Amino acid sequence: MDTTYDVKFWKTSVYEGRKKTTYTVRWELEGKEWRKPFGTVALADSFRAGLVSAARKGEAFSLSTGLPVSHLSRAAGVKWYDFAIQFVDQLWERTSANNRKNVAKALTPVTIALLRSQPTTFKGVDVRRALREYAFNTLRRDQAPPEVAVILRWVQRNSLSMAAWEDENIVETALRAAMTKLDGTPVAPSSARRTKRVLNVLFEYAIKKKVLKENPLPKGKGASTTATKTSSAVDKRSLLNSEQAAELLGWIYARPRGGRRLHTFFATMYYAGARPEEVVAIDVGDVRLPDADADDQWGELLLHTAHPEVGKQWTDTGKVREERGLKGRAAGDTRTVPCRPALTRILRAHIEKEGLKPGDLLMQGEKGGDLAGSVIRRAWRRARKEVLNSYEFGTPLGRRVYDLRHTCLTNWLNAGVPAATVAEWAGNSVPVLLTTYARCIDGQLDDLKRRIERAGELPEPAAPRG
């Protein structure tokens with residue numbers, strides 16, 4: 001526990017203001033002055049007497065709160081670092097690899113903010129890496145290299161107690177650190193939201209374990225200066241028109257190495273609107289295509305599995321990708337997506353060329369297995385650079401692979417497909433779909449104007465009476 005017996009007391013200071021007089025109790029712990037103001041001299045004297053009495057009894061004082069140990073909750077007896085590790089370990093077995101990674105990323109800057117002093121013998125980036133990759137990774141913690149173990153022992157010794165969360169100033173400092181990158185710029189809004197969710201779950205656990213009495217995070221509008229305005233709406237500038245999409249996918253198709261395989265991946269995202277982790281997990285047996293000579297060339301894709309890429313250090317299998325169910329769906333749930341004739345032709349040719357059969361992954365790497373995310377992203381970046389002009393390349397136009405999905409869903413909505421149907425195909429709820437894509441729906445304004453006019457208008461006002 002971060003405590004001391006080095007206590008000194010000062011005379012209560014009196015400040016006579018215009019409207020009221022303030023009585024401030026002052027004391028010192030290891031050279032650091034503490035203050036607590038009161039509205040009456042009786043309250044100040046009573047509080048000061050309690051401090052003096054505790055010191056005379058030989059009680060230790062907390063360096064985090066300035067108060068005697070007997071005045072504190074159980075929080076004073078638990079270090080933040082130790083509790084954060086306990087929280088990670090109890091969460092590990094019942095959460096996904098991606099969530100494990102997000103929890104570690106959220107706790108790392110907070111832990112650094114809750115140190116008694118900032119590291120001077122270690123580089124900041126090394127401390128962050130030690131926390132993120134080892135301390136908050138249940139499987140790797142005991143495998144930390146010697147140089148990392150030294151850093152973690154130092155962090156454990158210098159960590160403040162959980163009582164630090166009972167100090168509003170420290171809470172604000174920790175939140176500000178969590179919402180700021182190493183270069184001082186704000187983190188992405190999505191990262192800010194994720195960090196707050198992680199901390200809320202941690203504090204609920206702390207309350208359940210009776211370490212804290214209440215959640216210390218600010219509540220209500222304007223409660224914290226760390227609040228970040230966020231928007232989940234798609235940036236309309238990121239959407240591709242048909243000509244741009246054709247040029248990008250055409251360039252990828254012509255790549256001498258793996259071009260056709262990658263073209264199939266990107267075409268599936270563009271035409272079927274599936275998420276990248278869903279496309280790489282499609283089994284050939286779940287691709288329902290009509291016969292080549294059938295009049296109707298519409299097919300179906302049956303989605304039921306996703307392979308998100310999170311890093312082998314976070315998965316139980318040691319693989320880069322984790323196998324899990326569809327996002328936002330119950331375990332074992334499935335989703336059917338229509339496969340339009342253009343995509344049917346692409347998939348049929350791909351399956352025949354690669355010699356694939358049911359049970360095989362539709363999208364595979366050069367040596368089999370999952371298609372690597374780094375290969376996908378690198379090919380897309382190169383295609384943008386080669387196809388788009390310098391102005392377009394610097395804009396959000398198709399900047400992320402995920403923008404192919406956004407483009408597909410927007411095209412469906414603009415084609416008049418009901419929102420409920422698009423939501424079902426996309427694996428979203430209707431409210432989320434409309435919130436995300438409302439700004440991108442166009443092409444229907446003239447029809448809407450005519451509908452409004454058909455509702456009728458008020459009659460012309462009568463001429464004024466003589």
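Structure: see above.
Note on numbering: residues in each chain are counted from 1, in written sequence order. Local features in this predicted model are restricted to residues whose pLDDT is 70 or higher, and side-chain atom pairs enter the listing and the counts only when it is 80 or higher, whereas totals over whole chains, interfaces and linings include all residues. Excluded from the side-chain calculation are hydrogens and water; included are all heavy atoms of the structure.

Salt-bridge detection follows one rule: a side-chain nitrogen of Lys or Arg within 4 Å of a carboxyl oxygen of Asp or Glu. Under the criterion given, the structure shown has 15 salt bridges. Arg-100 is the salt-bridge partner of Asp-316, the closest N and O atoms lying 3.1 Å from each other. Within this pair, whereas Asp-316 is found in the loop between strand 8 (299–303) and strand 9 (335–339), its partner Arg-100 is found in helix 3 (residues 97–113), the two being separated by 216 residues in sequence. Where Arg-335 meets Glu-278, a salt bridge forms, and the shortest distance between an N and an O atom there is 2.8 Å. Of this pair, Arg-335 sits in strand 9 while Glu-278 sits in helix 10 (residues 276–279), and the two are 57 residues apart along the sequence. Burial classification: accessible surface area is computed with a 1.4 Å probe over protein chains only, and a residue below 20% of its type maximum counts as buried, one above 50% as exposed, and the rest as partly exposed. Arg-335 sits in the buried class, given a relative accessible area of 1%. The helix and strand labels rest on DSSP assignments: H or I over at least four residues marks a helix, E over at least two residues marks a strand, and numbering proceeds from the N terminus.

Right, let's get into the sheet that holds strand 7 (residues 287–288). The strand order across the open sheet built from 3 strands is 7-8-9, with neighbouring strands paired in antiparallel fashion. Whereas interior strands pair on both sides, the edge strands pair on one side only; in this sheet they are strand 7 and strand 9. Strands were regarded as paired on the criterion that DSSP finds at least two bridges between them. Note: strand 7 against strand 8, 2 bridges, orientation antiparallel. Bridge pairing in strand 8 links Arg-288 to Glu-300.

Glancing now at the side chain of Glu-28. Tracing the backbone shows Glu-28 in strand 4 (residues 21–29). Charge assignment in this entry is limited to Lys and Arg as positive and Asp and Glu as negative, and neither His nor the chain termini are counted. Although Glu-28 is buried, it makes no salt bridge; Lys-8 carries the closest opposite charge, 4.4 Å away. Here a residue-residue contact requires only that any non-hydrogen atoms of the pair lie within 4.5 Å. Sequence-distant contacts of Glu-28, defined by excluding residues within four places in its chain, comprise Asp-6, Val-7, Lys-8, Trp-10 and Glu-33.

This brings us to the nonpolar core. Counting residues in hydrophobic clusters, the biggest one holds 58 residues, and the most contacted among them are Trp-80, Leu-107, Leu-114, Leu-131, Phe-136, Met-162 and Trp-165. Those elements that provide at least two residues to this core are helix 2 (80–92), helix 3, helix 4 (124–135), helix 5 (146–158), helix 6 (168–178) and helix 7 (189–208). Sorting elements by how many residues they give to this core places helix 2 first, with 9 residues. With near-sequence residues (within four places) excluded, Trp-165 lies in contact with Trp-80, Val-110, Leu-114, Val-171, Ala-174, Phe-203, Leu-212 and Pro-216. Only buried residues count toward a nonpolar core, which is a set of Ala, Val, Leu, Ile, Met, Phe, Trp, Tyr and Cys residues joined through side-chain atoms within 4.5 Å. Ranked by size, the runner-up nonpolar core spans 51 residues in total, among them Ile-346, Leu-362, Met-363 and Leu-409.

Bear in mind that shape data such as this cannot, by itself, settle questions of function.
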